[in-house]
Amino acid sequence: MENLFFLIGGSFLIISIFWLLKILKSFFWIKNSAVNNIIFNSVDNNIRFFILIPVLDETAILEDTVKYFLKISRVFKGSKIIIITTEKEYRFNHSGSKNDTVALSKSLEGQFKDVVHVHYPDVDGKMAHQVNYAVNFVKNNLDKKDFFALYNADSRPDIRTFSWINNFQLNKRHGNSSEVFQQYGNYLGNYLKIVSMPNFFEKAILVSASLWQNRWSIGFEIPHSLNQLKKRERGNFFSFPMNYCIGHGLFFSCRIYDKVRGFSENMHNEDAIFGLKLSYYQDTIVPIPFFDEAFSPESVKSLFFQKVNWFFGPLQSFEYYSQIIKDDHSVRKSRLLVLTLKLFSHAVYWIFGPLMMMFLFIYALLSETAAIWLFFNLTFISFFIIPNFFSWLITRNRIIASEIPAIIFYLFVGSLFFYALHGLAGCLSLWRYLGHIMFGQPLIQKNKTALYK
(Lines give C-alpha, C1' and ligand atoms only; values in the text may rest on other atoms or scores of the structure.)
Protein backbone atom coordinates (compact mmCIF):
# COMPACT_ATOMS: atom_id res chain seq x y z
CA MET A 1 0.00 0.00 0.00
CA GLU A 2 2.87 2.35 0.77
CA ASN A 3 4.34 1.74 -2.69
CA LEU A 4 0.97 2.62 -4.21
CA PHE A 5 0.90 5.81 -2.15
CA PHE A 6 4.26 6.95 -3.47
CA LEU A 7 3.38 5.90 -7.02
CA ILE A 8 0.19 7.96 -7.05
CA GLY A 9 1.83 10.88 -5.25
CA GLY A 10 4.74 10.84 -7.69
CA SER A 11 2.28 10.89 -10.58
CA PHE A 12 0.65 14.02 -9.15
CA LEU A 13 4.06 15.65 -8.84
CA ILE A 14 4.84 14.94 -12.50
CA ILE A 15 1.41 16.22 -13.55
CA SER A 16 2.04 19.38 -11.51
CA ILE A 17 5.23 20.06 -13.48
CA PHE A 18 3.29 19.79 -16.74
CA TRP A 19 0.65 22.16 -15.37
CA LEU A 20 3.30 24.74 -14.57
CA LEU A 21 4.91 24.41 -18.00
CA LYS A 22 1.56 24.91 -19.72
CA ILE A 23 0.71 27.88 -17.50
CA LEU A 24 4.04 29.49 -18.39
CA LYS A 25 3.41 28.80 -22.07
CA SER A 26 0.06 30.57 -21.84
CA PHE A 27 1.57 33.47 -19.89
CA PHE A 28 4.20 34.25 -22.54
CA TRP A 29 1.69 33.86 -25.36
CA ILE A 30 -0.79 36.17 -23.63
CA LYS A 31 1.92 38.74 -23.00
CA ASN A 32 3.19 38.74 -26.58
CA SER A 33 -0.19 38.53 -28.34
CA ALA A 34 -1.83 41.22 -26.25
CA VAL A 35 0.93 43.71 -27.08
CA ASN A 36 1.33 42.98 -30.79
CA ASN A 37 -2.22 42.76 -32.09
CA ILE A 38 -4.27 45.76 -30.98
CA ILE A 39 -6.06 48.32 -33.13
CA PHE A 40 -8.42 50.83 -31.53
CA ASN A 41 -10.89 52.99 -33.46
CA SER A 42 -9.19 52.10 -36.74
CA VAL A 43 -10.59 52.70 -40.20
CA ASP A 44 -9.90 49.01 -40.74
CA ASN A 45 -12.52 48.02 -38.14
CA ASN A 46 -14.63 46.53 -40.90
CA ILE A 47 -16.05 43.48 -39.12
CA ARG A 48 -19.59 43.60 -37.79
CA PHE A 49 -20.23 41.74 -34.57
CA PHE A 50 -23.65 40.33 -33.70
CA ILE A 51 -23.44 39.85 -29.95
CA LEU A 52 -25.81 37.13 -28.78
CA ILE A 53 -26.92 37.33 -25.13
CA PRO A 54 -29.41 34.59 -24.18
CA VAL A 55 -31.18 35.64 -20.99
CA LEU A 56 -33.48 34.18 -18.37
CA ASP A 57 -34.50 36.07 -15.23
CA GLU A 58 -31.77 38.70 -15.66
CA THR A 59 -33.46 41.98 -14.76
CA ALA A 60 -30.85 42.80 -12.12
CA ILE A 61 -27.88 43.01 -14.51
CA LEU A 62 -29.14 43.11 -18.10
CA GLU A 63 -29.20 46.89 -18.58
CA ASP A 64 -25.64 47.26 -17.31
CA THR A 65 -24.56 44.41 -19.58
CA VAL A 66 -26.10 46.00 -22.65
CA LYS A 67 -24.48 49.36 -21.90
CA TYR A 68 -21.13 47.65 -21.40
CA PHE A 69 -21.29 45.90 -24.76
CA LEU A 70 -22.49 49.05 -26.51
CA LYS A 71 -19.25 50.79 -25.52
CA ILE A 72 -17.33 48.01 -27.29
CA SER A 73 -19.53 47.38 -30.32
CA ARG A 74 -19.99 51.00 -31.41
CA VAL A 75 -16.42 51.01 -32.72
CA PHE A 76 -17.60 48.51 -35.36
CA LYS A 77 -20.22 50.16 -37.51
CA GLY A 78 -23.33 48.07 -38.06
CA SER A 79 -22.76 45.76 -35.10
CA LYS A 80 -25.77 44.71 -33.04
CA ILE A 81 -26.48 43.44 -29.55
CA ILE A 82 -29.15 40.74 -29.72
CA ILE A 83 -30.95 39.99 -26.46
CA ILE A 84 -32.62 36.59 -26.66
CA THR A 85 -35.44 36.08 -24.18
CA THR A 86 -37.54 32.95 -23.81
CA GLU A 87 -41.14 32.10 -23.01
CA LYS A 88 -39.75 30.17 -20.04
CA GLU A 89 -39.22 33.58 -18.42
CA TYR A 90 -42.82 33.59 -17.20
CA ARG A 91 -42.19 30.49 -15.09
CA PHE A 92 -39.84 32.65 -13.03
CA ASN A 93 -42.16 35.63 -12.84
CA HIS A 94 -45.13 34.14 -11.03
CA SER A 95 -46.43 37.49 -9.84
CA GLY A 96 -47.38 38.54 -13.36
CA SER A 97 -45.45 41.78 -12.95
CA LYS A 98 -44.25 43.56 -16.07
CA ASN A 99 -40.86 43.90 -14.41
CA ASP A 100 -39.45 40.86 -16.16
CA THR A 101 -36.57 40.27 -18.58
CA VAL A 102 -38.85 40.28 -21.63
CA ALA A 103 -40.29 43.70 -20.80
CA LEU A 104 -36.83 45.05 -19.98
CA SER A 105 -35.43 43.74 -23.26
CA LYS A 106 -38.19 45.44 -25.24
CA SER A 107 -37.45 48.65 -23.38
CA LEU A 108 -33.72 48.44 -24.14
CA GLU A 109 -34.47 47.80 -27.81
CA GLY A 110 -36.51 51.00 -27.83
CA GLN A 111 -33.76 53.02 -26.12
CA PHE A 112 -30.78 51.93 -28.23
CA LYS A 113 -30.78 51.60 -32.01
CA ASP A 114 -28.06 48.91 -31.96
CA VAL A 115 -30.03 46.63 -29.63
CA VAL A 116 -32.32 43.97 -31.05
CA HIS A 117 -34.74 41.91 -28.97
CA VAL A 118 -35.56 38.38 -30.14
CA HIS A 119 -38.03 36.22 -28.20
CA TYR A 120 -37.88 32.42 -28.33
CA PRO A 121 -41.56 31.37 -28.18
CA ASP A 122 -41.28 27.92 -26.54
CA VAL A 123 -41.31 27.25 -22.77
CA ASP A 124 -39.30 24.03 -23.01
CA GLY A 125 -36.19 25.25 -24.80
CA LYS A 126 -32.63 25.51 -23.44
CA MET A 127 -29.96 28.08 -24.20
CA ALA A 128 -29.12 26.24 -27.44
CA HIS A 129 -32.69 26.74 -28.64
CA GLN A 130 -32.52 30.47 -27.89
CA VAL A 131 -29.20 30.90 -29.69
CA ASN A 132 -30.23 28.89 -32.76
CA TYR A 133 -33.48 30.82 -32.98
CA ALA A 134 -31.65 34.16 -32.88
CA VAL A 135 -28.94 33.13 -35.36
CA ASN A 136 -31.51 31.99 -37.89
CA PHE A 137 -33.43 35.23 -37.30
CA VAL A 138 -30.50 37.45 -38.38
CA LYS A 139 -28.01 35.35 -40.36
CA ASN A 140 -29.38 36.23 -43.81
CA ASN A 141 -28.23 39.81 -43.23
CA LEU A 142 -24.59 38.88 -42.54
CA ASP A 143 -21.53 39.23 -44.74
CA LYS A 144 -18.81 36.58 -44.88
CA LYS A 145 -16.49 38.62 -42.68
CA ASP A 146 -19.08 39.20 -39.92
CA PHE A 147 -19.10 37.32 -36.62
CA PHE A 148 -21.52 36.16 -34.03
CA ALA A 149 -20.26 36.63 -30.45
CA LEU A 150 -21.95 34.52 -27.76
CA TYR A 151 -21.87 35.85 -24.19
CA ASN A 152 -23.73 35.42 -20.91
CA ALA A 153 -25.72 38.16 -19.23
CA ASP A 154 -23.03 38.51 -16.56
CA SER A 155 -20.10 38.55 -19.02
CA ARG A 156 -17.67 41.46 -18.97
CA PRO A 157 -15.07 40.80 -21.69
CA ASP A 158 -11.90 42.86 -21.79
CA ILE A 159 -12.60 45.95 -23.93
CA ARG A 160 -9.69 45.06 -26.27
CA THR A 161 -11.26 41.73 -27.28
CA PHE A 162 -13.15 42.74 -30.43
CA SER A 163 -10.34 44.95 -31.74
CA TRP A 164 -7.89 42.09 -31.28
CA ILE A 165 -10.08 39.77 -33.39
CA ASN A 166 -10.43 42.44 -36.07
CA ASN A 167 -6.67 42.90 -36.20
CA PHE A 168 -6.04 39.14 -36.21
CA GLN A 169 -8.20 38.81 -39.31
CA LEU A 170 -6.30 41.58 -41.05
CA ASN A 171 -2.88 40.30 -40.08
CA LYS A 172 -1.57 38.18 -42.95
CA ARG A 173 1.19 36.70 -40.79
CA HIS A 174 -1.40 34.27 -39.43
CA GLY A 175 -2.21 32.85 -42.86
CA ASN A 176 -5.84 32.44 -43.79
CA SER A 177 -8.39 34.29 -41.70
CA SER A 178 -10.08 32.31 -38.92
CA GLU A 179 -13.75 31.66 -38.36
CA VAL A 180 -13.84 30.62 -34.69
CA PHE A 181 -12.38 32.46 -31.70
CA GLN A 182 -12.68 31.54 -28.05
CA GLN A 183 -12.26 33.84 -25.09
CA TYR A 184 -11.61 32.17 -21.76
CA GLY A 185 -12.87 33.16 -18.35
CA ASN A 186 -11.39 34.92 -15.38
CA TYR A 187 -13.70 33.64 -12.66
CA LEU A 188 -12.85 36.26 -10.04
CA GLY A 189 -15.53 38.73 -11.11
CA ASN A 190 -17.30 38.44 -7.76
CA TYR A 191 -14.21 37.66 -5.67
CA LEU A 192 -14.75 40.59 -3.29
CA LYS A 193 -18.33 39.53 -2.66
CA ILE A 194 -17.26 35.95 -1.91
CA VAL A 195 -14.50 36.93 0.53
CA SER A 196 -16.93 39.17 2.40
CA MET A 197 -19.09 36.15 3.31
CA PRO A 198 -19.20 35.35 7.06
CA ASN A 199 -18.51 31.59 6.78
CA PHE A 200 -14.74 31.30 6.37
CA PHE A 201 -14.71 27.63 5.44
CA GLU A 202 -17.32 28.09 2.72
CA LYS A 203 -15.59 31.07 1.18
CA ALA A 204 -12.24 29.21 1.24
CA ILE A 205 -13.86 26.46 -0.86
CA LEU A 206 -15.45 28.98 -3.23
CA VAL A 207 -12.23 30.96 -3.69
CA SER A 208 -10.35 27.70 -4.33
CA ALA A 209 -12.97 26.78 -6.93
CA SER A 210 -12.58 30.16 -8.66
CA LEU A 211 -8.81 29.81 -8.79
CA TRP A 212 -9.06 26.23 -10.03
CA GLN A 213 -11.26 27.42 -12.88
CA ASN A 214 -8.76 30.15 -13.75
CA ARG A 215 -6.00 27.55 -13.68
CA TRP A 216 -8.08 25.44 -16.06
CA SER A 217 -8.47 28.39 -18.46
CA ILE A 218 -4.75 29.18 -18.47
CA GLY A 219 -3.19 25.76 -18.02
CA PHE A 220 -5.56 23.60 -20.07
CA GLU A 221 -7.92 25.44 -22.41
CA ILE A 222 -5.53 28.05 -23.80
CA PRO A 223 -2.68 25.52 -24.39
CA HIS A 224 -5.05 23.22 -26.26
CA SER A 225 -6.09 26.11 -28.50
CA LEU A 226 -2.46 27.07 -29.05
CA ASN A 227 -1.69 23.51 -30.12
CA GLN A 228 -4.42 23.72 -32.74
CA LEU A 229 -3.14 27.09 -33.91
CA LYS A 230 0.40 25.72 -34.26
CA LYS A 231 -0.83 22.78 -36.33
CA ARG A 232 -2.67 25.13 -38.67
CA GLU A 233 0.23 27.54 -39.09
CA ARG A 234 2.59 24.68 -39.91
CA GLY A 235 0.08 23.05 -42.24
CA ASN A 236 0.16 19.86 -40.19
CA PHE A 237 -3.32 18.40 -39.77
CA PHE A 238 -2.31 14.78 -39.43
CA SER A 239 -2.66 14.79 -35.65
CA PHE A 240 -5.03 17.74 -35.23
CA PRO A 241 -5.64 18.19 -31.47
CA MET A 242 -9.00 17.86 -29.75
CA ASN A 243 -10.38 21.09 -28.34
CA TYR A 244 -13.77 22.06 -27.03
CA CYS A 245 -15.66 25.34 -26.85
CA ILE A 246 -17.27 27.07 -23.91
CA GLY A 247 -20.57 28.86 -24.15
CA HIS A 248 -19.39 32.38 -23.37
CA GLY A 249 -16.80 34.39 -25.25
CA LEU A 250 -17.36 32.24 -28.36
CA PHE A 251 -17.02 33.95 -31.76
CA PHE A 252 -18.05 32.15 -34.94
CA SER A 253 -18.91 32.90 -38.54
CA CYS A 254 -22.19 32.10 -40.22
CA ARG A 255 -20.44 29.58 -42.49
CA ILE A 256 -19.08 27.65 -39.51
CA TYR A 257 -22.48 27.71 -37.83
CA ASP A 258 -24.08 26.17 -40.90
CA LYS A 259 -21.24 23.69 -41.35
CA VAL A 260 -21.69 22.19 -37.87
CA ARG A 261 -25.49 22.49 -38.05
CA GLY A 262 -25.72 25.02 -35.25
CA PHE A 263 -25.81 24.23 -31.55
CA SER A 264 -27.09 20.83 -30.48
CA GLU A 265 -30.52 21.04 -28.89
CA ASN A 266 -30.69 17.42 -27.72
CA MET A 267 -27.49 17.33 -25.63
CA HIS A 268 -27.19 18.52 -22.04
CA ASN A 269 -24.38 20.95 -22.95
CA GLU A 270 -24.29 22.50 -26.40
CA ASP A 271 -20.69 23.72 -26.43
CA ALA A 272 -18.74 20.45 -26.06
CA ILE A 273 -20.18 18.83 -29.19
CA PHE A 274 -19.69 22.13 -31.05
CA GLY A 275 -15.97 21.92 -30.28
CA LEU A 276 -15.76 18.23 -31.16
CA LYS A 277 -17.25 18.92 -34.59
CA LEU A 278 -14.82 21.76 -35.19
CA SER A 279 -11.89 19.57 -34.17
CA TYR A 280 -12.99 16.81 -36.52
CA TYR A 281 -13.43 19.23 -39.45
CA GLN A 282 -10.05 20.79 -38.53
CA ASP A 283 -11.45 24.26 -38.02
CA THR A 284 -9.09 25.98 -35.61
CA ILE A 285 -10.46 27.47 -32.39
CA VAL A 286 -8.21 30.53 -32.01
CA PRO A 287 -7.65 31.64 -28.40
CA ILE A 288 -8.04 35.29 -27.40
CA PRO A 289 -5.34 36.73 -25.09
CA PHE A 290 -7.84 38.70 -22.99
CA PHE A 291 -10.27 37.31 -20.46
CA ASP A 292 -13.99 37.44 -19.97
CA GLU A 293 -14.55 38.49 -16.38
CA ALA A 294 -17.03 35.90 -15.15
CA PHE A 295 -18.75 35.18 -11.85
CA SER A 296 -18.27 32.12 -9.68
CA PRO A 297 -21.03 30.43 -7.64
CA GLU A 298 -21.66 32.09 -4.29
CA SER A 299 -22.61 29.00 -2.31
CA VAL A 300 -21.22 25.48 -2.05
CA LYS A 301 -24.56 24.07 -3.16
CA SER A 302 -24.56 26.29 -6.25
CA LEU A 303 -20.97 25.29 -6.99
CA PHE A 304 -21.80 21.59 -6.68
CA PHE A 305 -24.69 21.71 -9.14
CA GLN A 306 -22.69 23.83 -11.55
CA LYS A 307 -20.07 21.06 -11.66
CA VAL A 308 -22.80 18.42 -11.99
CA ASN A 309 -24.04 20.12 -15.14
CA TRP A 310 -20.59 20.82 -16.56
CA PHE A 311 -19.58 17.17 -16.18
CA PHE A 312 -22.14 16.18 -18.81
CA GLY A 313 -19.94 17.97 -21.38
CA PRO A 314 -17.31 15.22 -21.62
CA LEU A 315 -19.62 12.50 -20.25
CA GLN A 316 -21.85 12.51 -23.34
CA SER A 317 -18.89 12.23 -25.74
CA PHE A 318 -20.09 9.00 -27.34
CA GLU A 319 -23.53 10.47 -27.91
CA TYR A 320 -21.80 13.29 -29.78
CA TYR A 321 -19.96 10.65 -31.81
CA SER A 322 -23.23 8.98 -32.80
CA GLN A 323 -24.93 12.29 -33.59
CA ILE A 324 -22.10 13.49 -35.82
CA ILE A 325 -22.06 10.21 -37.78
CA LYS A 326 -25.83 10.43 -38.17
CA ASP A 327 -25.62 13.98 -39.50
CA ASP A 328 -22.63 13.43 -41.80
CA HIS A 329 -22.32 10.01 -43.46
CA SER A 330 -18.92 10.90 -44.94
CA VAL A 331 -17.26 11.07 -41.50
CA ARG A 332 -14.12 9.00 -41.01
CA LYS A 333 -15.20 7.07 -37.95
CA SER A 334 -11.71 6.12 -36.79
CA ARG A 335 -10.45 9.70 -36.58
CA LEU A 336 -13.67 10.93 -34.98
CA LEU A 337 -13.42 8.11 -32.45
CA VAL A 338 -9.91 9.18 -31.43
CA LEU A 339 -11.10 12.73 -30.84
CA THR A 340 -14.14 11.43 -28.95
CA LEU A 341 -11.95 9.35 -26.65
CA LYS A 342 -9.80 12.39 -25.95
CA LEU A 343 -12.87 14.36 -24.93
CA PHE A 344 -14.23 11.49 -22.84
CA SER A 345 -10.88 11.23 -21.02
CA HIS A 346 -11.71 14.57 -19.37
CA ALA A 347 -14.61 12.84 -17.59
CA VAL A 348 -12.31 10.02 -16.46
CA TYR A 349 -9.76 12.46 -15.00
CA TRP A 350 -12.58 14.47 -13.43
CA ILE A 351 -13.60 11.53 -11.24
CA PHE A 352 -10.38 9.61 -10.72
CA GLY A 353 -8.21 12.66 -9.95
CA PRO A 354 -10.14 13.53 -6.75
CA LEU A 355 -10.43 9.84 -5.81
CA MET A 356 -6.66 9.39 -5.99
CA MET A 357 -6.00 12.62 -4.08
CA MET A 358 -8.41 11.60 -1.30
CA PHE A 359 -6.65 8.23 -1.10
CA LEU A 360 -3.34 10.06 -0.57
CA PHE A 361 -4.88 12.31 2.08
CA ILE A 362 -6.53 9.49 4.06
CA TYR A 363 -3.46 7.27 3.87
CA ALA A 364 -1.19 10.09 5.05
CA LEU A 365 -3.65 11.04 7.79
CA LEU A 366 -3.74 7.49 9.13
CA SER A 367 -0.02 6.92 8.76
CA GLU A 368 2.30 7.40 11.69
CA THR A 369 5.27 8.01 9.42
CA ALA A 370 6.47 11.60 9.16
CA ALA A 371 7.97 11.00 5.71
CA ILE A 372 4.58 9.99 4.30
CA TRP A 373 2.86 13.05 5.75
CA LEU A 374 5.59 15.34 4.41
CA PHE A 375 5.37 13.72 0.98
CA PHE A 376 1.61 14.29 0.91
CA ASN A 377 2.09 17.96 1.79
CA LEU A 378 4.66 18.30 -0.98
CA THR A 379 2.17 16.76 -3.40
CA PHE A 380 -0.62 19.02 -2.11
CA ILE A 381 1.43 22.20 -2.49
CA SER A 382 2.74 21.21 -5.93
CA PHE A 383 -0.64 20.23 -7.33
CA PHE A 384 -2.92 22.85 -5.76
CA ILE A 385 -1.11 25.84 -4.33
CA ILE A 386 1.59 26.64 -6.87
CA PRO A 387 -0.37 26.30 -10.17
CA ASN A 388 -3.48 28.01 -8.79
CA PHE A 389 -1.43 30.85 -7.31
CA PHE A 390 0.39 31.49 -10.59
CA SER A 391 -2.93 31.44 -12.43
CA TRP A 392 -4.19 34.09 -10.02
CA LEU A 393 -1.12 36.23 -10.72
CA ILE A 394 -1.68 36.01 -14.48
CA THR A 395 -5.40 36.86 -14.46
CA ARG A 396 -5.06 39.79 -12.06
CA ASN A 397 -4.72 43.17 -13.75
CA ARG A 398 -2.64 44.41 -10.86
CA ILE A 399 -1.08 42.63 -7.92
CA ILE A 400 -1.51 43.98 -4.41
CA ALA A 401 1.05 42.39 -2.11
CA SER A 402 -1.31 42.45 0.87
CA GLU A 403 -3.73 40.11 -0.97
CA ILE A 404 -1.17 37.33 -1.42
CA PRO A 405 -1.28 35.84 2.13
CA ALA A 406 -5.07 35.63 2.03
CA ILE A 407 -5.08 33.90 -1.38
CA ILE A 408 -2.53 31.32 -0.22
CA PHE A 409 -4.44 30.73 3.02
CA TYR A 410 -7.73 30.19 1.16
CA LEU A 411 -5.99 27.69 -1.12
CA PHE A 412 -4.55 25.76 1.81
CA VAL A 413 -7.90 25.55 3.59
CA GLY A 414 -10.29 25.07 0.67
CA SER A 415 -8.48 23.26 -2.16
CA LEU A 416 -8.76 19.68 -0.95
CA PHE A 417 -12.44 20.03 -0.04
CA PHE A 418 -13.23 21.72 -3.34
CA TYR A 419 -11.47 18.94 -5.24
CA ALA A 420 -13.47 16.31 -3.35
CA LEU A 421 -16.68 18.20 -4.15
CA HIS A 422 -15.56 18.39 -7.77
CA GLY A 423 -15.24 14.59 -7.93
CA LEU A 424 -18.52 13.98 -6.10
CA ALA A 425 -20.35 16.19 -8.61
CA GLY A 426 -18.98 14.03 -11.42
CA CYS A 427 -20.10 10.88 -9.60
CA LEU A 428 -23.65 12.23 -9.23
CA SER A 429 -23.74 13.14 -12.93
CA LEU A 430 -22.54 9.66 -13.85
CA TRP A 431 -25.14 8.04 -11.57
CA ARG A 432 -27.98 10.09 -13.07
CA TYR A 433 -26.69 9.47 -16.58
CA LEU A 434 -26.60 5.69 -16.07
CA GLY A 435 -30.13 5.84 -14.66
CA HIS A 436 -31.19 7.81 -17.73
CA ILE A 437 -29.59 5.30 -20.13
CA MET A 438 -30.82 2.14 -18.40
CA PHE A 439 -34.16 3.16 -16.90
CA GLY A 440 -35.16 6.33 -18.73
CA GLN A 441 -34.84 8.50 -15.63
CA PRO A 442 -34.66 12.26 -16.32
CA LEU A 443 -31.28 13.96 -16.26
CA ILE A 444 -30.60 16.76 -13.80
CA GLN A 445 -32.33 19.86 -15.13
CA LYS A 446 -29.92 22.46 -16.45
CA ASN A 447 -31.09 25.62 -14.69
CA LYS A 448 -29.47 28.93 -13.92
CA THR A 449 -26.68 28.44 -11.37
CA ALA A 450 -28.14 31.19 -9.23
CA LEU A 451 -31.25 29.07 -8.57
CA TYR A 452 -29.17 26.80 -6.36
CA LYS A 453 -28.00 29.59 -4.07
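Above this note sits the structure.
Parameters at a glance
- Residues numbered from 1 in each chain as written.
- Predicted model: local features only at pLDDT ≥ 70, side-chain atom pairs only at ≥ 80, totals over all residues.
- Heavy atoms only, no water.
- Helix = DSSP H or I, 4+ residues; strand = E, 2+ residues; numbered from the N terminus.
- Buried < 20%, exposed > 50% of the residue type's maximum accessible area, 1.4 Å probe, protein only.
- Polar contact = N/O pair within 3.5 Å; in protein donor to acceptor, adjacent residues only side chain to side chain.
- Core = buried A, V, L, I, M, F, W, Y, C linked by side-chain atoms within 4.5 Å.
- Contact = heavy atoms within 4.5 Å.
- Phe/Tyr/Trp six-rings, centres within 6.5 Å; stacked < 30°, edge-to-face > 60°.
- Lys NZ or Arg CZ within 6 Å of the ring centre and 35° of its normal.
- Salt bridge = Lys/Arg side-chain N within 4 Å of Asp/Glu carboxyl O.
- Pairing = 2+ DSSP bridges.
- Expected span 1.5 Å × (residues − 1).

(A) Layout of the side chain of Glu298. As for its placement among the helices and strands, Glu298 is situated in the loop between strand E10 (292-293) and helix H11 (300-315). Exposure remark for Glu298: the relative accessible area of 17% places this residue in the buried category. One polar contact links Glu298 to Asn190, side chain to side chain, over a distance of 2.9 Å. A distance of 3.1 Å separates the side chain of Glu298 from the side chain of Lys193, its partner in a polar contact.

(B) Here's a closer look at the nonpolar core. In terms of nonpolar packing, the biggest core is built from 74 residues, with Phe5, Leu276, Leu336, Met357, Phe383 and Phe384 touching the most fellow members. No other element matches the eleven residues that helix H8 (residues 200-233) contributes to this core. With residues near it in sequence (within four places) discarded, Phe384 still touches Trp212, Arg215, Met357, Ser415, Leu416 and Tyr419. Of all hydrophobic cores here, the second largest spans 31 residues; its members include Phe49, Leu62, Leu104 and Phe147.

(C) A look at the packing of aromatic side chains. Tallying each qualifying case throughout the model produces 54 aromatic pairs. Both rings, one in Phe361 and one in Phe376, keep their centres 5.7 Å apart while their planes meet at 45°; by these two values the pair is tilted. With Phe361 in helix H13 (residues 333-366) and Phe376 in helix H14 (residues 370-395), this pair connects stretches of sequence that are 15 residues apart. Geometry around Trp19 places Lys22 over its ring, the cationic atom sitting 5.1 Å from the centre. The residue whose ring lies beneath Arg335 is Tyr280, and the NZ or CZ to ring-centre distance is 4.4 Å.

(D) A look at the pattern of salt bridges. Going through the model one piece at a time under the given rule, you end up with eleven salt bridges. For Asp283, the salt bridge is made with Lys259, and the minimal N-O distance between the two is 2.9 Å. Taken together, the residues span a long stretch of sequence, with Asp283 in the loop between helix H10 (270-280) and strand E9 (286-287) and Lys259 in helix H9 (residues 254-259) at a distance of 24 residues. Connected through shared salt-bridge partners, Glu179, Arg255, Lys259 and Asp283 make up one network.

(E) Main features of the sheet that holds strand E5 (residues 156-157). Pairing is mixed in the open sheet, where three strands are placed in the order E5-E10-E7. Where the open sheet ends on each side, the last strands, each with one partner, are E5 and strand E7 (185-186). Sheet topology places E5 next to E10; two bridges connect them, and they run antiparallel. Its bridge partner being in E10, Arg156 is matched across the sheet by Glu293.

(F) Structural context of H11. For H11, with 16 residues, the first-to-last C-alpha span of 22 Å sits near the 22 Å given by 1.5 Å per residue. Judged by how many residues are buried, H11 sits mostly within the fold: twelve of 16 residues are covered. Within H11, burial applies to Ser302, Leu303, Phe304, Gln306, Lys307, Val308, Asn309, Phe311, Phe312, Gly313, Pro314 and Leu315.

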